[in-house]
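Next come the chains, spelled out residue by residue.
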Amino acid sequence: EEVLYGHPSVAEVAVVGDPDPRHGEIPVAHVALRPEADPAHAVAELRDWCRERLGRHEVPRRFVIRASLPRNAAGKILKRELRLAGEHERGVSLPALDP
């Protein structure tokens, strides 16, 4: 996250893990861009930025561009919400809770 915050196009970022059968988990970066940033080229730029500054295993495998990141009342980014969004994208259904 610290490396991604260093990119001039990034307003806010959170990196969460998505399950992966081979590696256990892979990093996924959820990024909100600054208004002047070009979303069409953002993913390629961010990937290159990370490759120059991180080890190969640390570079996010996927970048999700968002308008903003979910926050709680104190302003902290809710990574749990981002993980749940990833589960919904993959079609993971949560078991119903018994009362």
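Here, the structure is the one placed above.
This structure is a prediction, so every number in the text was calculated from the model and none was measured.

**Focus: the overall build of the protein**
- Counting secondary structure elements, the protein contains three helices and three strands.
- Counted from the first residue to the last, the protein has its helices and strands arranged as α-β-β-α-β-α.
- Split into buried and exposed, the 99 residues of the protein put 33% on the buried side.
- Considering only contacts in the protein between residues 6 or more positions apart, those separated by 24 or more positions represent 50%.
- As presented, the protein carries roughly 6,700 Å² of accessible surface, and 52% of it is formed by carbon and sulfur atoms.

**Quick look at the side chain of S9**
- Here S9 shows up in the loop between α1 (2-5) and β1 (10-20).
- With near-sequence residues (within four places) excluded, S9 lies in contact with A32, L33, R34, A37 and E45.

**Points about the sheet that holds strand β2 (residues 24-33)**
- Reading across from one edge, β1-β2-β3 is the order of the three strands in this open sheet, with mixed pairing throughout. Looking along the sheet, the strands with just one partner apiece sit at the ends: β1 and β3 (62-66). Neighbour-to-neighbour, the strand axes of this sheet turn through a mean angle of 25 degrees, independent of strand direction.
- Where β2 lies against β3, five bridges are found, and the strand directions are parallel. Bridge assignment links V28 to a residue of β3, and that residue is R62.
- Across the sheet, helix α2 (residues 39-53) is in contact with β1, β2 and β3; its angle to β3 comes to roughly 140 degrees.

Cut-offs used in this document
Residues numbered from 1 in each chain as written. Predicted model: local features only at pLDDT ≥ 70, side-chain atom pairs only at ≥ 80, totals over all residues. Heavy atoms only, no water. Helix = DSSP H or I, 4+ residues; strand = E, 2+ residues; numbered from the N terminus. Buried < 20%, exposed > 50% of the residue type's maximum accessible area, 1.4 Å probe, protein only. Contact = heavy atoms within 4.5 Å. Areas by Shrake-Rupley, 256 points an atom, 1.4 Å probe, with all protein chains shown as cover. Pairing = 2+ DSSP bridges. Axes fitted to C-alpha atoms, helices over the stretch in contact; angles between N-to-C directions.

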